[in-house]
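Observations on the model geometry
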Amino acid sequence: MKSGVKHTTTYDVIVMIIMVILAVLFIFPVYWIVTGSFKDAAAINAAIPEWFPKNPTTDNYVRLFDKPAMQWLFNSVFIALMSMALTCLTAAMAGYALAKKRFVGRGLLFTFLVCAMALPKQVVLVPLLKEMSFLGLHDNIWAVILPTVGWPFGVFLMKQFSETIPTEMLEAVRIDGAGEIQTFLTIVLPIVKPGIGALAIFTFITTWNDYFLQLIMLNSSKNLTISLGIAKLQAEMSNDFGLIMAGAALGAIPIIAIFLMFQKYFTQGITMGAVKG
Amino acid sequence: MRKKNVTTRSKVLVMRETRSAYLFLLPSLFFFVGFVIIPMFMCLFTSFFNYTMSDFSFVGIGNYVEMFQDEIFQRAFWNTVLIVVVAVPTVTIFSLWVGSSIYRMHAVTRSFFRCVFYLPVVTGTVAVAVVWKWMFNKYTGLFNTILSGVGAIDQNVSWLGDEKTAIWCIILILFTTSIGQPIVLYVAALGNVDTSLVEAAEVDGATDIQTFWKIKWPSIMPTTLYVLVITTINSFQCFALIQLLTSGGPKHSTDTIMYYIYYEAFKLNRYGFGNAMGIFLAAVIAIFSALQFKVTKSGSVD
């Protein structure tokens, strides 16, 4: 028994060492983006890599902001915020109805949602583009927001959280004569608030990084998102890595900061969304 | 008489409940039907047409026949299968190992590692892709500098420009961006395993390996299957890394079905053909998911 305990300790030390090495490797690309964005051309092209920029320069950022980079950043923020707000609102309402109301067609609707979730969403991008052109929304940032809100993951997540609302509580306020809207606002919303927090941060981050949808829908320079902007820089000046890294840093740092601030909610969202109802 | 009264009353109640339920569902259904369901049916419908910028004529299963005869499509199909076959098991096993290693750690340490492994997902595909492209660069990339520094290679390798290495580079990056979510799920699932069972087994003298296979493994089975499903779906849809790093090249060695759909539909404007491939991909993914769900049902205890 004693040797067993000792064995575990050695194993734990080895695991810890491997984990630390892996952690360094996983952080490294972000480190390389940030340091690269401050390197001058000589350092970028150096035969021996500069692990830390010796002559830091902001020249890459100056050149980045000659392009409409702030506009790209603003578009990304706008798309993510709008998708987040609309998703939270519609999903909270629908999740509550699915979890707490017994209505005609509930089973069928639920089946539809499950099937849609299991399908690859990129596959519908071709007809989606046609639909957006038909609606006059081609090259319009709303063409990215509307399909994002339609994706049923949020409804699922909010259904999971709404299951926790005590039915007796809903009945009690109904007997007291509260209307549907009043019940939703005063009873349902306060209880599912953590769920809304999780969904909000989850939607914000996934929308920010949904490159394919943005690529299909947006064309003109002023309508690009920061992701598309970085891709454009790479396509146009493929070896100007300093400039490209500055763009990557501008796109990655805000979203990493937001993730670190709200990671508790985010983790909860991923976990709850996985539990199949 | 009384029974009849009850049924009519419950019918009225059901009607009222249904009406209010649909009012709550309405905003969500508007977006879901409008921007998910309708495009799905349009995708299926137009896959039977020769649908381009100038033409829209019924061709039956013509697009599907062309697809199976298209050599580039076949190449793309096998590349996609390779990505799935390599990525799914490695991602699942690696994230299970990391998850079971960090879930017992102190809350702060655990949270630190969880964030670190999630970092490539949050950073975003484009930012990740451009920095890897630089690291893989033939002349200024880190890989060549380090590998030639330690004498592993004689001359600089064009990692993304070589048919033999390009797809493995893609799989490596895909791997780093795929393990974040499974690790979060495994840490949560392992934290929910009934500790009294684990303790009882330890008292009875079970080894760590026995405890893992007899107690923890069965209770995290649903998580494993969910991880398998999402990783399979994501690997089948591998697109952004291809578009940003290799554009399917060199010589179609990194073409995937999703990239080929993008190329045919958006570069050549062959919408009908693209949609036919999309339907095919959706069907393949649906079969895989259904199989995995079936295993969940027969495999899970409850």
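Note that the structure is predicted; figures quoted are calculated from it, not measured.

**A few points about the overall build of chain B**
Helix and strand content of chain B: 14 helices and two strands. Relative to a compact globule of 302 residues, whose C-alpha radius of gyration would be 19 Å, chain B shows 25 Å and is clearly more extended. In chain B, buried positions account for 54% of the 302 residues. In chain B, 66% of the contacts between residues at least 6 apart in sequence involve partners at least 24 apart.

**Focus: the interface of chain B and chain A**
Counting from both sides, the interface comprises 87 residues of chain B and, opposite them, 95 residues of chain A. In total, about 7,800 Å² of surface goes out of reach between chain B and chain A, with carbon and sulfur atoms giving 79% of it. For chain B, the biggest contributors to the area lost against chain A are Phe24, Phe35 and Trp134 of chain B; these three give 11% of the whole. Between the two partners, chain B and chain A, sit zero salt bridges. On the surface where chain B and chain A come into contact, there are 11 residue pairs in polar contact (both at pLDDT 80 or more). In terms of residue count, the dominant contributor to the side of chain B that touches chain A is helix H1 (residues 2-46) of chain B (23 residues).

**Digging into the domain arrangement of chain A**
Think of interface size as the accessible area that goes away when the parts come together; that is how it is often given. All names here are of chain A. Annotation of chain A at the domain level lists domain 1 (2-57) and domain 2 (61-274). Spacing between the C-alpha centres of domain 1 and domain 2 amounts to 32 Å. Contacts between the two partners involve seven residues from domain 1 and, on the opposite side, nine residues from domain 2. With both chains or domains summed, domain 1 and domain 2 bury close to 630 Å², and 81% of this area falls on carbon and sulfur atoms. Among the residues domain 1 hides against domain 2, the three largest losses belong to Ile33, Ser37 and Ile44. Together they make up 63% of the total. The tally of links between domain 1 and domain 2 comes to zero salt bridges. Per-element accounting of the side of domain 1 that touches domain 2 gives the leading share, five residues, to helix H1 (residues 2-37).

**Overview of the side chain of Thr203 of chain A**
Secondary-structure assignment places Thr203 of chain A in helix H10 (residues 180-208). Setting aside anything within four residues of it in sequence, one finds Thr203 of chain A in contact with Ser83, Met84 and Thr87 of chain A.

**Some remarks on the nonpolar core**
Counting 193 residues, the largest nonpolar core has Met217 of chain A together with Phe117 of chain B as the members making the most contacts within it. Per-element tally for this core: the top contributor is helix H13 (residues 241-274) of chain A, with 14 residues.

**A look at the pattern of salt bridges**
Residues and elements named next belong to chain A. Taken as a whole and assessed by the stated rule, the structure comprises eight salt bridges over all chains. As a salt-bridge pair, Arg63 and Asp59 come within 3.4 Å of each other at their nearest N and O atoms. Within this pair, Arg63 and its partner Asp59 are both found in helix H3 (residues 59-64), separated by four residues, close to a single helical turn. Since its relative accessible area comes to 28%, Arg63 is described here as partly exposed. What emerges from the salt-bridge pattern is a single network uniting Asp59, Arg63 and Asp240.

**Quick notes on the packing of aromatic side chains**
Within the structure shown, the criterion is met by 51 aromatic pairs over all chains. Relative to Tyr118 of chain B, the ring of Phe266 of chain A lies with its centre 5.2 Å away and its plane at 80°, an arrangement referred to as edge-to-face. Highlighted residues: Phe266 of chain A in helix H13 and Tyr118 of chain B in helix H4 (residues 107-123), drawn from two different chains. Its relative accessible area of 4% is what places Tyr118 of chain B among the buried residues. Ring centres 5.3 Å apart and planes at 70° place the aromatic pair Phe236 of chain B and Phe288 of chain B in the edge-to-face group. Of this pair, Phe236 of chain B sits in helix H11 (residues 221-236) while Phe288 of chain B sits in helix H14 (residues 271-299), placing them 52 residues apart in sequence. Under the relative-accessibility criterion, Phe236 of chain B is labelled buried at 3%. A network of ring pairs unites the aromatic residues Phe28, Tyr31, Trp32, Trp51 and Phe241 of chain A together with Trp134 of chain B as a single cluster. The side chain of Lys39 of chain A reaches across the aromatic face of Trp32 of chain A, ending 3.8 Å from its centre. When the ring centre of Tyr265 of chain A is taken as reference, the NZ or CZ atom of Lys264 of chain A above it lies at 5.4 Å.

**Here we look at the domain arrangement of chain B**
Assigned domains within chain B: domain 1 (2-46) and domain 2 (69-299). Averaged C-alpha coordinates put domain 1 of chain B and domain 2 of chain B at centres separated by 38 Å.

**What to know about H11 of chain B**
Over its 16 residues, H11 of chain B runs 22 Å from end to end, which matches the ideal 22 Å to within 8%, given 1.5 Å per residue. Of all 16 residues that make up H11 of chain B, 13 are buried, and the element is covered over most of its length.

**Some thoughts on unusual backbone geometry**
Note that the residue after Gly249 of chain B, namely Pro250 of chain B, is joined by a cis bond; omega there is -15°. Tracing the backbone through its elements, the reader meets Pro250 of chain B in the loop between helix H12 (240-245) and helix H13 (257-267). At Asp139 of chain A, a position not held by glycine, the phi torsion is positive, near 60°. As for its position among the elements, Asp139 of chain A is in the loop between helix H6 (125-134) and helix H7 (142-150).

**Some points on a negative patch on the surface**
On the surface, a cluster of negative charge is made up of Asp12 of chain A together with Glu199, Glu202 and Asp208 of chain B. Mapped onto the elements, Glu202 of chain B comes out in helix H9 (residues 195-203). The class of Glu202 of chain B is partly exposed, set by a relative accessible area of 39%.

**Things to note about the packing of helix H3 (residues 71-102) of chain B against helix H8 (residues 180-191) of chain B**
Residues and elements named next belong to chain B. Remark: H3 packs on H8, axes separated minimally by 8 Å, with the N-to-C direction vectors making an angle of 45°. Taken together, the axes of H3 and H8 lie oblique to each other. The handedness of the crossing between H3 and H8 is right-handed. Here Val91, Thr92, Ser95, Leu96, Val98, Gly99, Ser100 and Ile102 of H3 lie close against H8, whose contacting residues are Pro182, Ile183, Tyr186, Val187 and Leu190.

**Some points on the packing of helix H5 (residues 106-118) of chain A against helix H8 (residues 153-162) of chain A**
All names here are of chain A. Running from amino to carboxyl end, H5 crosses H8 at an angle of 125°, the nearest separation of the two axes being 10 Å. Compared by their axis directions, H5 and H8 come out oblique. When the axes of H5 and H8 are compared, the crossing they make is left-handed. Facing Arg106, Phe110, Leu113, Val114 and Met117 of H5, the residues of H8 in contact are Phe153, Val155, Phe156 and Lys159. Residue composition of the contact of H5 with H8, by class: seven nonpolar, no polar and two charged.

Here is what the cut-offs are and how they apply
- Residues numbered from 1 in each chain as written.
- Chains lettered and ligands numbered in written order.
- Predicted model: local features only at pLDDT ≥ 70, side-chain atom pairs only at ≥ 80, totals over all residues.
- Heavy atoms only, no water.
- Helix = DSSP H or I, 4+ residues; strand = E, 2+ residues; numbered from the N terminus.
- Rg over C-alpha atoms; globule rule 2.2 N^0.38 Å.
- Buried < 20%, exposed > 50% of the residue type's maximum accessible area, 1.4 Å probe, protein only.
- Contact = heavy atoms within 4.5 Å.
- Buried area = accessible area lost by both parts, 1.4 Å probe.
- Salt bridge = Lys/Arg side-chain N within 4 Å of Asp/Glu carboxyl O.
- Polar contact = N/O pair within 3.5 Å; in protein donor to acceptor, adjacent residues only side chain to side chain.
- Domains from an automatic or database assignment.
- Core = buried A, V, L, I, M, F, W, Y, C linked by side-chain atoms within 4.5 Å.
- Phe/Tyr/Trp six-rings, centres within 6.5 Å; stacked < 30°, edge-to-face > 60°.
- Lys NZ or Arg CZ within 6 Å of the ring centre and 35° of its normal.
- Expected span 1.5 Å × (residues − 1).
- Patch = residues over 30% accessible without salt bridge, like charges linked within 9 Å, V, L, I, M, F, W, Y side chains within 5 Å.
- Areas by Shrake-Rupley, 256 points an atom, 1.4 Å probe, with all protein chains shown as cover.
- Lys, Arg positive; Asp, Glu negative; His and termini not counted.
- Charge placed at Lys NZ, Arg CZ, Asp CG, Glu CD.
- Axes fitted to C-alpha atoms, helices over the stretch in contact; angles between N-to-C directions.
- Parallel < 35°, antiparallel > 145°, perpendicular 65-115°, else oblique.
- Left-handed = near helix turned anticlockwise from the far one by under 90°.
- Nonpolar A, V, L, I, M, F, W, Y, C, P; charged D, E, K, R; others polar.

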